[in-house]
Amino acid sequence: MSVEPAPAEPTREVAPLLSVRDLHVTYPSAGAGIPAVRGVDLDLAVGETLGLAGESGCGKSSLAGALLRLLPRGTEVTGDVLLDGENVLTMKPGRLRAVRWTHAAIVFQGALHSLNPVQRVGNQIGEAIRLHSRGVSRAAVSKRVGELLELVGLPARRARDYPHQLSGGQRQRVLIGLALACEPRLLIADEPTTALDVMVQAQVLRLLDDLQQRFGLGIIFITHDLSTLAEVCQRLAVMYAGRIVEEGPSDEVFEAPAHPYTRALAGAFPVIGDPAFRMQPAGLPGDPPDPRYLPSGCPFHPRCGAAVQVCSSTHVELWPAGPDRSAACVHAPGSPVPV
Amino acid sequence: MIGLAILVAVAAMALAAPLLADEAGLRAINTTQNPTFASPSEFGPLGTDSLGRDVMTQFIWGSRISLLVGLAATAIAVLIGSVVGIAAGFFGGWIGGILMRITEWFLVIPFLPLAIVLAAILGPSVENIIFVIGITSWPQPARLIRAQVLTLREREYVDRSRALGASNWHLMTRHILPNVSPLILANTTLTVPIVILSEATLSFLGLGDPSNASWGQMLDDAFETGAVTQEAWWYFVPPGLGIMLVVLAFTLCGTALEEVLDPRLRDKRR
Amino acid sequence: MTGAPLLEIRDLRVEYPARHGVARAVDGVNFEMRSGEIVALVGESGCGKTTLARTIVGLQRPAEGEVRFRGKPLGHDRRSLRDHRRAAQLIFQDPTGALNARQTIYEAVAEGVRIQQIPGDEEALVADALARAGLRPPERFFTRYPYEVSGGQRQRVVIAGAMVLNPSLLVADEPVSSLDASVRGEILALMLRLVRETEVGMLVVTHDLGLAWNVADRVAVMYLGRIVEEGGTEDLLTAPRHPYTRALLSVVPEAEEVERQILTGEAPDPTRIPSGCRFHPRCPLVESGEAARLGIEERCRSEDPLFVPACHAVAA
């Protein structure tokens, strides 16, 4: 397995690894359809980690699926998804199949049903390898599977196990190994540590960090756990109601959020040792909006503590909120709306 | 929907039998004047049988017996099957074990010989037919129901109810039963055709009640009295068609019901 | 907080048969709790915290040891269990699974009232419980089904269903982990309010240390069936003494200054509990040689620390 020299700092002059422009994902339904993603722009440089945070209904999983065209048939996907310059959304099926897993791969949640329960894990990883390399001998595949398992911290002999014989953390490692099978440049991790204990989560995060350093991977890390993202990612984007509502360097966004939703989300993860969080559970009233019935103006305004009159009627966009930061709020420093 | 339409038509016919055809026509003594094996063109819409009885009358009245046996025997089978299935699934352990062994015992015994023996012992009558078919058909629903109860038992709301202090009876009736009833209902509609065919089989073999003209009985009579050789198609084709249509109708309704009541569909609405 | 403890647990052992051998899910737990107190029982999966919670509310029978509620031992005959259930209620992790999808919200809350034959106007009791759980106006929710309301509201229904019995003890098993992050605060605030208003004792079982910091008065840390450390939240979470607690706190995402102590492997399964101190195979003190330097390594491998904090290094 080749080891690419990982750039010390993600360079932004080089063409980005992934470039998403005006992505819309709409699920079919009687009537107008359900808009899960409503215009998202994203850039990911080679070797960079981007965190995508949001709760149920915000569209983050739909976004992940759209990047490799893995959404159910009939889903309407518009916009551009440029992977290494090629538009995934306009690729021919043959090219798409070739690109899937070799250029970009997805790490799913390590739940029991992410892996085929009646197939040995070694075979499942081997399947990915065989799909993308013609005429590879069984011995070679076996050897590679062993290498991948060792890479993710599992003994090679575990290839003979069935998924139910592995713990949650081990299954997650298998899924990471599976994603790396064809040496992709981009890893999309969709809630990879959500169901895991905090210690196992730390192990998996450290593993991802190691792998990223070794192979110069670009990673998009999707989760609802904002605190994890602040740890692992260089940049952070927060999604709400199908749009990105805040974006910027992760430590800045986490420590000094510009958008009220980010502030509320950050507040939901108490910092141990900080007396401000003792006996003060902080949450938002109401629930994340149903994509079919979005509020007018800024979709967050019904739950927002900082909402003002104009919020219900202004079409909000990502406006500058600091150097290399943006927020979709009328209170953002760069917002043209007077408040 | 087609199934439902057919069923409604047949049920209407069965219920309206006294209005549509004169019962007297069933008694052979009243029909000595009629020509025997008359074809439909000669006498009545469906001709007559070997004893001069109007086939149409028998067809209409026969529907009653077929439907009655079908529904009654199914009711017995499903009732026993549900009780056994729910108990076996809910309690597990040795109670479940014993119940399942009994169920399997009944399953293993071939239906026909058992039915024949029982019918021979008990004598031919509609009630006995219902009884025989009922007690030989219950194992199948029992197994299906037990399987689903096993999964339902592990659901968290059952635990919650137990935490509230519910007794086993409460759990079985208020939580397990409502959630297993779609399965029971779908299974019922699929069991009825089996039962009707069983009845037809038994009657055809001569174990039915000769004094009551069910469709199976008609087929039996037809063959016994040589309707085939006489080419009196109007005698055996209608009952055969009738059975087939009703069986088809129930099956259609049953599969439709299963789709409608599938819990996955319900969950999607969330 | 009144004098006598609400809940006392002595030498509790709960076992269940597993594929190979017997799993000692709870292996000698001693614990006490008072009314009006919120205690967080923290630990990772497999530590036995859920089994302990279920045993406390009577859903599971202990193999050994005693659960005393308001001074009286918990009987396991039908009558005692039923009475106990009125006093100790469980809040489940997944509100969607915990509610029968075919029952209306009214029925779900009224169920407890009917089973326990609580005197009074049923409708008024249900309305009151729903209102106290934050579902207002309660009448609007009577005819709704669980799938028609949001996750947070469903959890409120479960809480209402438990509170309608006026329990003295509420055991909440991961009450907010399946809810969206922004919704959690509201539910936790509700639980805090209920405790302050009714003096009910609350035991929150969770793997989330941040949650413990947020709402708990005391914390008990479980590992492989034992409580290895216990104490006031502020003390325990800022100055932990047991190596396991220290390791857990070091890997919490928000912990910045502390060096990460990522333990290797996962907790061994409860059918094969290590000899001596059950934590010694993964203990950073043993691995780094610190235990040897303190001269206690032999004790860690052979002597089971039956005191709390369950660590020979601390006791030394």
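## Some words on the overall build of chain C
Consideration 1: A count of helices and strands for chain C gives 15 helices and ten strands.
Consideration 2: A compact globule built from 316 residues should have a C-alpha radius of gyration of about 20 Å, and chain C, at 21 Å, falls within 12% of that.
Consideration 3: The C-alpha extent of chain C, read off along each of the three principal axes, is 70 × 45 × 45 Å.
Consideration 4: Within chain C, buried positions represent 54% of all 316 residues.

## Description of the overall build of chain A
Consideration 1: In terms of helices and strands, chain A carries nine helices and twelve strands.
Consideration 2: Against the 2.2 N^0.38 benchmark of 20 Å for 339 residues, chain A shows a C-alpha radius of gyration of 21 Å, consistent with a compact globule.
Consideration 3: Over its C-alpha atoms, taken along the principal directions, chain A stretches across nearly 70 × 50 × 45 Å.
Consideration 4: Across the 339 residues that make up chain A, the buried fraction comes to 50%.
Consideration 5: Considering only residue pairs separated by 6 or more positions, chain A has 64% of its internal contacts joining residues 24 or more positions apart.

## Topic: the pairing of strand S10 (residues 243–249) of chain A
The side chains of a regular strand alternate, residue by residue, between the two faces of the sheet.
Residue and element names in this part refer to chain A.
Consideration 1: Burial runs high along S10: six of the seven residues are buried.
Consideration 2: One ladder, built from six bridges, connects strand S9 (residues 235–240) with S10; its direction is antiparallel. Across the sheet, Arg-235 pairs through a bridge with Pro-249, a residue of S10.
Consideration 3: Alignment of S10 against strand S12 (residues 325–327), held across two bridges, turns out to be antiparallel. Each residue of the ladder has a partner; that of Glu-247, found in S12, is Ser-326.

## Overview of the sheet that holds strand S7 (residues 169–173) of chain C
All names here are of chain C.
Consideration 1: In spatial order, the strands read S6-S7-S8-S3-S9-S10; together these six strands make up an open sheet with mixed pairing. Unpaired on one side and paired on the other, strand S6 (88–91) and strand S10 (226–232) mark the two borders of the sheet. The average angle at which neighbouring strand axes cross in this sheet is 20°, direction not considered.
Consideration 2: Here S6 pairs with S7 via four bridges, running parallel. Bridge pairing in S7 links Leu-90 to Val-171.

## Comments concerning the environment of C:Thr143
All names here are of chain C.
Consideration 1: Note that Thr-143 resides in the loop between helix H6 (139–142) and helix H7 (151–163).
Consideration 2: The exposure class assigned to Thr-143 is exposed, which follows from the 11 C-beta atoms found within 10 Å.
Consideration 3: Once the C-alpha coordinates of Thr-143 and Ala-98 are considered, the two residues, 45 residues apart in sequence, prove to be 18 Å apart.
Consideration 4: Among residues more than four places away in sequence, those in contact with Thr-143 are Thr-104 and Tyr-106.

## Considerations on the interface of chain C and chain A
Consideration 1: Contact with chain C, which involves 33 residues of that partner, is made by 33 residues of chain A.
Consideration 2: Mapped by element, the contributors of at least two residues to the side of chain C that touches chain A are helix H8 (181–198), helix H9 (209–215), helix H10 (233–238) and helix H11 (243–251) of chain C.
Consideration 3: Broken down by element, the side of chain C that touches chain A gets its largest block of residues, nine residues, from H8(C).

## Here we look at the domain arrangement of chain C
Residues and elements named next belong to chain C.
Consideration 1: What the domain assignment reports for chain C is domain 1 (7–230) and domain 2 (240–315).
Consideration 2: Computed over C-alpha atoms only, the centres of domain 1 and domain 2 are separated by 30 Å.
Consideration 3: Contact residues are listed per partner, giving 23 residues for domain 1 and 18 residues for domain 2.
Consideration 4: Of all elements in the fold, only strand S2 (22–33), H9, strand S9 (218–223) and S10 reach the threshold of two or more residues within the side of domain 1 that touches domain 2.
Consideration 5: Looking at the side of domain 1 that touches domain 2 residue by residue, the class counts come to eleven nonpolar, six polar and six charged.

## What about the packing of H7(C) against H8(C)?
Any two packed helices are characterised by the angle at which their axes cross and by the distance between the axes.
Residues and elements named next belong to chain C.
Consideration 1: Packing of H7 against H8 brings their axes to within 10 Å, and their N-to-C directions diverge by 15°. It follows from the interaxial angle that H7 and H8 lie roughly parallel. The two elements H7 and H8 cross, and the hand of that crossing is right-handed. Every residue of H8 that contacts H7 at Gly-151, Gly-152, Gln-155, Arg-156, Ile-159 and Met-163 is listed here: Val-183, Glu-186, Ile-187, Leu-190 and Leu-194.
Consideration 2: Residues that form the contact of H7 with H8 fall into these classes: six nonpolar, three polar and two charged.

Conventions and cut-offs
Residues numbered from 1 in each chain as written. Chains lettered and ligands numbered in written order. Predicted model: local features only at pLDDT ≥ 70, side-chain atom pairs only at ≥ 80, totals over all residues. Helix = DSSP H or I, 4+ residues; strand = E, 2+ residues; numbered from the N terminus. Rg over C-alpha atoms; globule rule 2.2 N^0.38 Å. Buried ≥ 20, exposed ≤ 12 C-beta atoms within 10 Å, placed from the backbone. Contact = placed C-beta atoms within 7 Å. Pairing = 2+ DSSP bridges. Axes fitted to C-alpha atoms, helices over the stretch in contact; angles between N-to-C directions. Domains from an automatic or database assignment. Nonpolar A, V, L, I, M, F, W, Y, C, P; charged D, E, K, R; others polar. Parallel < 35°, antiparallel > 145°, perpendicular 65-115°, else oblique. Left-handed = near helix turned anticlockwise from the far one by under 90°.

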